[in-house]
Amino acid sequence: MTEFRLRIAQNLAEVAPDAWDACANPPGLQGDERFNPFISHAFLNALETSGSVGGRTGWSPVHVLVESGGRLAACAPAYLKSHSQGEYVFDHGLADAYARAGGRYYPKLLCAAPFTPVNGRRLLVAADASEGARAVLLGGLRQLADKLGASSLHVNFADAPDMDFLRESGLIARKGQQFHFFNRGYASFDDFLNALASRKRKAIRKEREQALSAGISVEWVTGADLTEAHWDAFFAFYMDTGDRKWGRPYLTRAFFSALSEKLADRVLLVMARREGRLIAGALNLIGDDALYGRNWGCLEDHPCLHFELCYYQAVDFALARGLKRVEAGAQGEHKLARGYEPVATFSAHEFSDPRLAAAAVDFFAREAEAVDEVIAEYAGHTPFRKE
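Residues numbered from 1 in each chain as written. Predicted model: local features only at pLDDT ≥ 70, side-chain atom pairs only at ≥ 80, totals over all residues. Heavy atoms only, no water.

**Side note on the sheet that holds strand 15 (residues 341-351)**
Phase 1 of the analysis: The mixed open sheet is built from 11 strands, whose spatial order is 2-5-6-8-15-9-14-13-12-11-10. Only two strands of the sheet have a single partner each, and these edge strands are strand 2 (59-61) and strand 10 (216-222). Direction aside, neighbouring strands of the sheet carry axes that sit 30 degrees apart on average.
Phase 2 of the analysis: Pairing analysis gives eight bridges linking strand 11 (residues 267-274) to strand 12 (residues 277-286), with the strands arranged antiparallel. (Pairing = 2+ DSSP bridges. Helix = DSSP H or I, 4+ residues; strand = E, 2+ residues; numbered from the N terminus. Axes fitted to C-alpha atoms, helices over the stretch in contact; angles between N-to-C directions.)

**Quick look at the nonpolar core**
Phase 1 of the analysis: Membership of the largest hydrophobic core comes to 49 residues, with the highest contact counts inside it found for W20, F43, F234 and F256.
Phase 2 of the analysis: Elements that contribute at least two residues to this core include exactly helix 1 (17-24), helix 2 (41-49), strand 4 (71-76), helix 8 (228-244), helix 9 (253-263), strand 11, strand 12 and strand 13 (290-298).
Phase 3 of the analysis: Excluding residues that lie within four positions of it along the chain, F256 makes contacts with W231, F234, F235, Y238, L251 and L283.
Phase 4 of the analysis: F181, I279, L305 and L323 belong to the second-largest nonpolar core, a separate cluster that totals 39 residues. (Core = buried A, V, L, I, M, F, W, Y, C linked by side-chain atoms within 4.5 Å. Buried < 20%, exposed > 50% of the residue type's maximum accessible area, 1.4 Å probe, protein only. Contact = heavy atoms within 4.5 Å.)

**Description of empty space enclosed by the protein**
Phase 1 of the analysis: Tallying each qualifying case throughout the model produces one cavity of 30 Å³ or more.
Phase 2 of the analysis: Its boundaries defined by the atoms lining it, the largest cavity holds a volume of some 40 Å³.
Phase 3 of the analysis: As for the largest cavity, its lining consists of W59, G86, E87, Y88, L110, A112, A113, P114, F115, T116, N156 and F157.
Phase 4 of the analysis: Its residues placed into classes, the lining of the largest cavity shows eight nonpolar, three polar and one charged. (1 Å grid on protein atoms, 1.4 Å probe; cavity = no way out; pocket = protein on both sides within 12 Å on 5 of 7 lines; lining within 4 Å. Points joined across faces, edges and corners; volume = space filled by probe spheres on them. Nonpolar A, V, L, I, M, F, W, Y, C, P; charged D, E, K, R; others polar.)

**Digging into the state of the cysteines**
Disulfide: a covalent bond connecting the sulfur atoms of a pair of cysteines.
Phase 1 of the analysis: Tallying each qualifying case throughout the model produces zero disulfides.
Phase 2 of the analysis: Cysteine C23 shares no disulfide, and the gap to the nearest cysteine sulfur, in C75, comes to 4.2 Å.
Phase 3 of the analysis: C111 carries a free sulfur, and the closest cysteine sulfur to it, the one in C75, is 9.5 Å from it. (Disulfide = S-S within 2.5 Å.)

**Considerations on the environment of T116**
Phase 1 of the analysis: In this fold, T116 is placed in the loop between strand 6 (108-111) and strand 7 (124-125).
Phase 2 of the analysis: With 178 residues separating them in the primary sequence, T116 and R294 have C-alpha atoms 7.6 Å apart.
Phase 3 of the analysis: Not counting the four nearest positions on each side in its chain, T116 is found in contact with F38, F43, G86, Y88, F157 and R294.
Phase 4 of the analysis: A distance of 2.7 Å separates a polar atom in the side chain of T116 from the backbone oxygen of P114. (Polar contact = N/O pair within 3.5 Å; in protein donor to acceptor, adjacent residues only side chain to side chain.)

**Here we look at the layout of surface pockets**
Phase 1 of the analysis: Estimated volume of the second largest pocket: approximately 610 Å³.
Phase 2 of the analysis: Lining the second largest pocket are 29 residues, with E33, G120, D159, A160 and P161 positioned closest to its centre.
Phase 3 of the analysis: Of all the secondary structure elements, the ones that give two or more residues to the lining of the second largest pocket are strand 7, helix 5 (160-168), strand 9 (172-182), strand 14 (325-330) and strand 15.
Phase 4 of the analysis: Element by element, the count of residues in the lining of the second largest pocket is highest for helix 5, at six residues.
Phase 5 of the analysis: Residues of the lining of the second largest pocket, tallied by class, amount to 14 nonpolar, five polar and 10 charged.

**Here we look at helix 2**
Phase 1 of the analysis: Along helix 2, eight of the nine residues are buried, which leaves the element largely enclosed by surrounding structure.
Phase 2 of the analysis: Residues H41, A42, F43, L44, N45, A46, L47 and E48 constitute the buried set of helix 2.
Phase 3 of the analysis: Packed against the buried residues of helix 2 are helix 1, strand 2, strand 3 (63-68), strand 5 (78-81), helix 9 and strand 12.
Phase 4 of the analysis: One or two steps after helix 2, the chain reaches G51, where phi turns positive at roughly 80 degrees.

**Some words on unusual backbone geometry**
Phase 1 of the analysis: Note that the residue after Y106, namely P107, is joined by a cis bond; omega there is 10 degrees.
Phase 2 of the analysis: At Y88, a position not held by glycine, the phi torsion is positive, near 70 degrees.
Phase 3 of the analysis: Residue position: Y88 is located in the loop between strand 5 and helix 3 (92-100).
Phase 4 of the analysis: What makes Y88 partly exposed here is its relative accessible area of 30%.
Phase 5 of the analysis: Even without being glycine, F115 reaches a positive phi, approximately 60 degrees.
Phase 6 of the analysis: By the element assignment, F115 lies in the loop between strand 6 and strand 7.

**What about the side chain of S260?**
Phase 1 of the analysis: The residue S260 is located in helix 9 in this model.
Phase 2 of the analysis: Taking the relative accessible area as the measure of exposure, S260 reaches 13% and is therefore buried.
Phase 3 of the analysis: The contacts of S260, once residues within four sequence positions are left out, are L226 and W231.

**Observations regarding the sheet that holds strand 4**
Phase 1 of the analysis: Read across the open sheet, the four strands follow the order 1-3-4-7; overall the sheet is antiparallel. A strand with exactly one partner marks an edge of an open sheet, and here the two such strands are strand 1 (5-9) and strand 7.
Phase 2 of the analysis: Here five bridges tie strand 1 to strand 3, and the two strands are oriented antiparallel to one another. The partner of A9 across the bridge, within strand 3, is H63.

Printed below as a string of structure tokens:
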């Protein structure tokens, strides 16, 4: 019988990058998500070293490690949370209801990629790990939640294999919905447009013309071409978006430099320039199979510029790279008319108080029915030509 050892890392720097990445993005993976940048050591460590998580942010790293034979067999990015901000799986209603009933919802334990509504692996297991490593990893998360006095355990935006395992292990599934663009063999953006109904095709062409009509040019910046000047400009855009939404920007300026240092070849900045000055930009991360849109901002308002930088340029890039899809982040019904299709997302949850668990089961079941209805409704209103 294989012997496993559980350990908690309160700082990802304690874990060798190669060992973590052998679990997070094992070589030789097949399917629609081979390399996911958001669970890589470089991305998660950049959040910590930049102060975007840790300290007084309400995100305290408590990564769960499973070791066997002196090697890392499995791991999970985990955080003790004192709030529910930056998660994109909204549980404020549960927290409020539990507080009114006399309970204490926070702290809670979250297994996720911070600030990232992207489906992916969450229970990270090395390809050569012994059988049972994933079960030990989940057991470690449960033990940690109990030891830390957490009200609940949450695994957000888990992929299908992890969700199957989590359901079988007794966690409660919750369904959400996003919009993704799928490359259905398109050779170019015009090829994609030809798959649309005539009226929708004309509307998109008009939007793209309008977005650049003020003498705006667009550039893709990635890899060695990324400079601190680009990040200075983008951070100003990012902060402006936070101010407009009356929210607290999560990411520090230092995060973007750390990201560029470790993952430059996985970063795409789509930048807009007018009269020689950078005026807007969108940050994307590049996987082996998908382009992931994350943040956007601007210093000048121009009609349709958001659509151009965040959606149309992302499709252009994905088609040029032969990527299978574009994931443009959470929410956004307006994405539907621009060729992005409704898809389901999933998370899994466990509550220490059986009363709260019962309430969650009921709420999540009714919510899932509503999500299914919305997805079916959206699917009937895609811009594609009817066969």
